[in-house]
Protein chains: 2
Amino acid sequence: MSLENRVDVLIVGAGPAGIMCANALAMAGVDVRIIDKRPVKVAAGQADGMSPRTIEVLQSYGLAERLIREGNQMHMCAFYNPGRDGGIECTGHIPDITASTSRYPFQITLHQGAIEAIFIDSMRAHGVEVERPKQPVDLEISEDVDELSSLSSYPVKVTLERLDPVCEESKTEIIHAKFVLGADGAHSWVRKALGIEMEGEQTDYIWGVVDMVPETNFPDIRNRTAIHSENGSCMIIPREGDLVRFYTQLSDTDVIDPLTGRVDKSKMSPQKLISVSRKILHPFELGESKEIEWWTIYIIGQRVASSYSVKNRVFIAGDACHTHSPKAGQGMNASMNDTHNLAWKLAYVLRGWSSPSLLKTYEHERRKYAQDLIDFDKKFATLFSGKPRTAENEDGVSHDEFLRAFQTFGGFTSGIGVHYSPSAIVDPKHQQCAENLIIGQRMVPQIFVRAADCRPVEIQDLLPADIRFKLLFFVGHLTETRVTELNALAEELRKPSSFFVRYSPDGNVSTVFDVITIAAGDKGDTNYLLVPAFFRPHWTKVLLDDTDMTGRQGGRAYARFGIDPEQITLVVVRPDGYVGTIIPSIAVAELDNYFGSFLTPRSFGAQFGT
Amino acid sequence: MSLENRVDVLIVGAGPAGIMCANALAMAGVDVRIIDKRPVKVAAGQADGMSPRTIEVLQSYGLAERLIREGNQMHMCAFYNPGRDGGIECTGHIPDITASTSRYPFQITLHQGAIEAIFIDSMRAHGVEVERPKQPVDLEISEDVDELSSLSSYPVKVTLERLDPVCEESKTEIIHAKFVLGADGAHSWVRKALGIEMEGEQTDYIWGVVDMVPETNFPDIRNRTAIHSENGSCMIIPREGDLVRFYTQLSDTDVIDPLTGRVDKSKMSPQKLISVSRKILHPFELGESKEIEWWTIYIIGQRVASSYSVKNRVFIAGDACHTHSPKAGQGMNASMNDTHNLAWKLAYVLRGWSSPSLLKTYEHERRKYAQDLIDFDKKFATLFSGKPRTAENEDGVSHDEFLRAFQTFGGFTSGIGVHYSPSAIVDPKHQQCAENLIIGQRMVPQIFVRAADCRPVEIQDLLPADIRFKLLFFVGHLTETRVTELNALAEELRKPSSFFVRYSPDGNVSTVFDVITIAAGDKGDTNYLLVPAFFRPHWTKVLLDDTDMTGRQGGRAYARFGIDPEQITLVVVRPDGYVGTIIPSIAVAELDNYFGSFLTPRSFGAQFGT
């Protein structure tokens, strides 16, 4: 007899996608379990780069501080190309991050285990531990239409196997789950069990990677450096402490077994990888490293899963959905952002706040992103792996060509440019009300001052991932007329037919909606108490578009966002920090439709309670 | 039979002065114990203001992050004066912090218990706990000259009494200490045991203070606000969460017992204090507060101890040395900075690195500061407690007069202006080499970029309170000539006669000295590997005076400090973050005298080992 248990969400795989989801759900108070077949978490190597957008996301969960404390920062990017004497020479330096709205103008590198530890510690504080080593051996989804449509049922049956059982009885466990997430990597068991295909192909590019503490006189060893040499290409990624990662391109003969045609890791060693890098770095020296932390070799595959879910009950995320080259540092970021996108939607459906249709937006938003990622990766990998242009090879990749591509893709590699297309939760109709706050992109960082105490605050810090929609009321100047208009608007929003009341599940509007008011005006001269009580649930919630007392931070947000201070404009920010829609106060009734398309009205919601 | 034990440093009193010292010594690995007569730490109220300089000091111990997370910030200061209708009206807003070099342009308010907890947790991580409730009942200092001059002896005998003994045997303990610190408050038992007098007098100003969550329509309730009204004076200090502290001036009849002439707390109540504030705030409203966290009344005393130590073996610090009014928020700051000044000196002497004469600089530096504080406090308290100037009272204090004083004292109240006068550890001889880095003041904050990876760093973060002297070599541009000069300088410093070798106790120069090199030049264009190895013990130690990759931070430090990039200039920063001296490289041999005046040479030091 196996153990049988129920859980709302079962997550398979405790890599970046899995732990992001488990932590987000744990913080939201959702009943969640997470298993992993590895007996312990990753100790070294693997993915290691966090893009500026992912740092913003971690900050929204309160986890960025530790990441920043422990990680290395990459601010500068250096380029080297073939020089006169057969060696390489520096052809330029640019900022590592070119997206101008990045809150964090750098990438962070830190080994995957340290990043996972940040999430595991946070999950633990919310009562969730990774169960390991455990793996699924069977997965069945109910065919019963009623069961599938009922939120009180557990239509997914997963059989788990403990890999270190103390006795035969404790070996298997049957879990009945409402939802299952397969975040179990490129060779995903869940994906295969669902019969989901990967679309795309393997490339011919073979790369080696080694993490070490180098002895070298290469002056850019602590910068992200792209090297095109006549001896091959190399990417240098400085890491925490004195560690440096070298990605080096390998030739087939280095690593392919001529009999099988497959990569044979035994043909390689970290010493051989270092010697390849040494040739590329010439005339700079690279000594033998005493500390080699991790190494591997791989062939780049560029594939996307044909589907991200089955019956809106089982989902896949992360490497289970998409594989690509690691050199643009996107792997872990794409994975974490997949489940950052999914987690709040699961929470909404599980609480009966939202219809299951909301879950469809997960694939809509993230599969499109993955496809764009693969397209980008193809271009980038071709440029990167291509021969450099020299006198002898005029068809090669020129430095200018590479640099242009590098900068063009800046919005993409930083994660800042991610743009979700229209759907139930992205309505760009009134984009003209704030031309530079792009609907479907993440809310841009901006410093305001709190009207009550003139303390500078970053707007993103008022948009935590607390599964609430943030309603940012840009109210302009607090003139008498404006205050009258605000009182009228408050009255409108307090009506039972308003989305504000209609979609507040327990009658408490602050459960789903968080109101923030942003006035225009001078800090020494604006009385925040003029803002009607409806728009200031707490004194910390009224902001002013002005500089701080030093004059060094904040100000000019209305102009920057393209918002007219003579109007009242409402910016709706989704729980994941993306701008959902923007509405002029005159059209506020349209929000009843926006929220109505995926939220469940109050009285109706009660019937779905579990 | 009492227990008898030995300890290097015994600290009496776990208030701000005591815990700052205990934590600093614990972090330095010094054998320290700390006792307090209170059974538990302060739960609410008491001191609550941290000046910008004290925040910098906490940051140097790695403790500012938590303080900033938990505390309230005061950025703006508001002034109210009698208006036309007998009520008050706003006469202006200014920045709360006017000292332009403040790294933190705000004060932090947080109740004393929360601040103490930061230190207590840090001490605990270093193995030191506050022992309570315990108090000293006897203190004897040896009269034996040999014992007093030997570092291996324990010439101070203190008898401690446990206030909650489980049995008679565990009630008393005799401690033989090398050094004792009395940080036991205004009524210091240690000070009295030493027979040290307090000089100065009691004022006639009686004040009440109440911490509460107010119901009010006063628009500056979240700003530090000074109110002069015809009904008396009031200072508003916003606190963590929704708490606000009100300081209100009381009249004799409110609180003085006519029979004894002494303050009688039973004549007052928080409700009465609130009703005094209510009159002052008119025409603004102040409702009954449901949450009153703490309250008290007091008469301001303005006194300084005649001496800060006896035989360089027993010291007093904090309120035991100086009492003054709390309205400029200096109490806790003065106390913490007393022992921040003392702790590293005790560590140097205990390790045999320094002669006991170094300890004399504690009284020299901190007593002078306390006297200045009292002088400031007298002026400030008079202005603050004085009647406002009105048509009827032309001799009253005008708003302009008060404002002028407020701004004049900005350097003082922020703690930024603290300036230690010449002594063994402050040598201003070559001030002209860096006119704007004032010798005797704290090293000013400045952003540089790390030459190796262009990461912006705050120089203060490279000056932790790790009891090392920081040697900042401003080397200018890395021209060929300069590199030659640097190699010559390195050779000079490596000589056995150089302070660098002579005063490195275990032959390891990085035990006492930390080398940081700051070059001038462009970040895309400077090879930090040109800096001779002597001046870059690690790649993180070479900085560049340039902006970061965003162009928003850093740069222009040579010009700002008044340092000539055509010279090599060495700035010596003391372990407590104050500039000890500045030397042009041509006069580097003078540092042998500077350090020789208080450090113990290598071979000699060994004889003093304990």
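Parameters and conventions
- Residues numbered from 1 in each chain as written.
- Chains lettered and ligands numbered in written order.
- Predicted model: local features only at pLDDT ≥ 70, side-chain atom pairs only at ≥ 80, totals over all residues.
- Heavy atoms only, no water.
- Axes fitted to C-alpha atoms, helices over the stretch in contact; angles between N-to-C directions.
- Helix = DSSP H or I, 4+ residues; strand = E, 2+ residues; numbered from the N terminus.
- Parallel < 35°, antiparallel > 145°, perpendicular 65-115°, else oblique.
- Contact = heavy atoms within 4.5 Å.
- Nonpolar A, V, L, I, M, F, W, Y, C, P; charged D, E, K, R; others polar.
- Least-squares fit on C-alpha atoms with pLDDT ≥ 70 in both.
- Buried area = accessible area lost by both parts, 1.4 Å probe.
- Salt bridge = Lys/Arg side-chain N within 4 Å of Asp/Glu carboxyl O.
- Polar contact = N/O pair within 3.5 Å; in protein donor to acceptor, adjacent residues only side chain to side chain.
- Pairing = 2+ DSSP bridges.
- Buried < 20%, exposed > 50% of the residue type's maximum accessible area, 1.4 Å probe, protein only.

## As for the packing of helix α9 (residues 331–350) of chain B against helix α10 (residues 360–385) of chain B
Residues and elements named next belong to chain B.
Here comes step 1: At a minimum axis distance of 10 Å, the contact between α9 and α10 shows a crossing angle of 170°. Judged by the inter-axis angle, α9 sits roughly antiparallel to α10. Counting all contacts with α9, which are made through A334, N337, D338, N341, L342 and K345, the residues of α10 involved are T361, Y362, E365, R366, Y369 and L373.
Here comes step 2: A per-class count over the contact of α9 with α10 returns five nonpolar, three polar and four charged.

## Examining the relation of the copies chain A and chain B
Here comes step 1: With an RMSD of 0.0 Å, chain A superimposes on chain B once it is rotated by 180° and translated 0.0 Å along the axis. Here the two chains are linked by the operation of a two-fold rotation axis.
Here comes step 2: Interface overlap between copies: 100% of the residues of chain A at the interface are likewise at the interface in chain B, consistent with a symmetric, same-surface contact.

## Details of the interface of chain A and chain B
Here comes step 1: Residue-level contacts link 36 residues of chain A with 36 residues of chain B.
Here comes step 2: Each partner contributes to the roughly 2800 Å² buried at the junction of chain A and chain B, and carbon and sulfur atoms together form 54% of this total.
Here comes step 3: Along the contact surface separating chain A from chain B lie two salt bridges.
Here comes step 4: With a closest N to O distance of 3.0 Å, A:R69 and B:E65 form a salt bridge.
Here comes step 5: The tally of links between chain A and chain B comes to twelve residue pairs in polar contact (both at pLDDT 80 or more).
Here comes step 6: Breaking the side of chain A that touches chain B down by element, the ones donating at least two residues are α3 (64–70), β4 (72–74) and β6 (88–95) of chain A.
Here comes step 7: Residue composition of the side of chain A that touches chain B, by class: 15 nonpolar, 13 polar and eight charged.

## A look at the sheet that holds strand β16 (residues 292–305) of chain B
Residue and element names in this part refer to chain B.
Here comes step 1: Taken in spatial order, the eight strands of this open sheet run β6-β5-β13-β14-β15-β12-β16-β19, and their pairing is mixed. Because the sheet does not close on itself, it has two edges, and the strands there are β6 (88–95) and β19 (322–323).
Here comes step 2: Where strand β14 (residues 232–238) lies against strand β15 (residues 244–250), five bridges are found, and the strand directions are antiparallel. Looking at β15, one finds that M235 is bridged to Y247.
Here comes step 3: Across the face of the sheet, helix α8 (residues 270–281) comes into contact with β6, β12 (198–212), β13 (224–229), β14, β15 and β16 while running at roughly 85° to β15.

## Quick notes on the pairing of strand β11 (residues 172–182) of chain B
Residue and element names in this part refer to chain B.
Here comes step 1: β11 sits mainly inside the fold: ten of its eleven residues count as buried.
Here comes step 2: The sheet contact formed by strand β10 (residues 156–162) and β11 spans six bridges and is antiparallel. In the sheet register, K157 faces β11, and the bridge partner there is H176.
Here comes step 3: When β11 meets strand β18 (residues 314–316), the two strands line up parallel, connected through three bridges.

## Some words on the pattern of salt bridges
Residues and elements named next belong to chain A.
Here comes step 1: Evaluation of the coordinates by the stated rule reveals 77 salt bridges over all chains.
Here comes step 2: Note that R33 and E131 form a salt bridge whose closest N and O atoms lie 2.6 Å from each other. A residue pair is termed long-range when its members are at least 10 positions apart, and R33 in strand β2 (residues 32–35) and E131 in strand β8 (residues 130–131) qualify at 98 residues. Accessibility assignment for this pair places R33 and E131 in one class, buried.

Any link to function would need more than the numbers given here.
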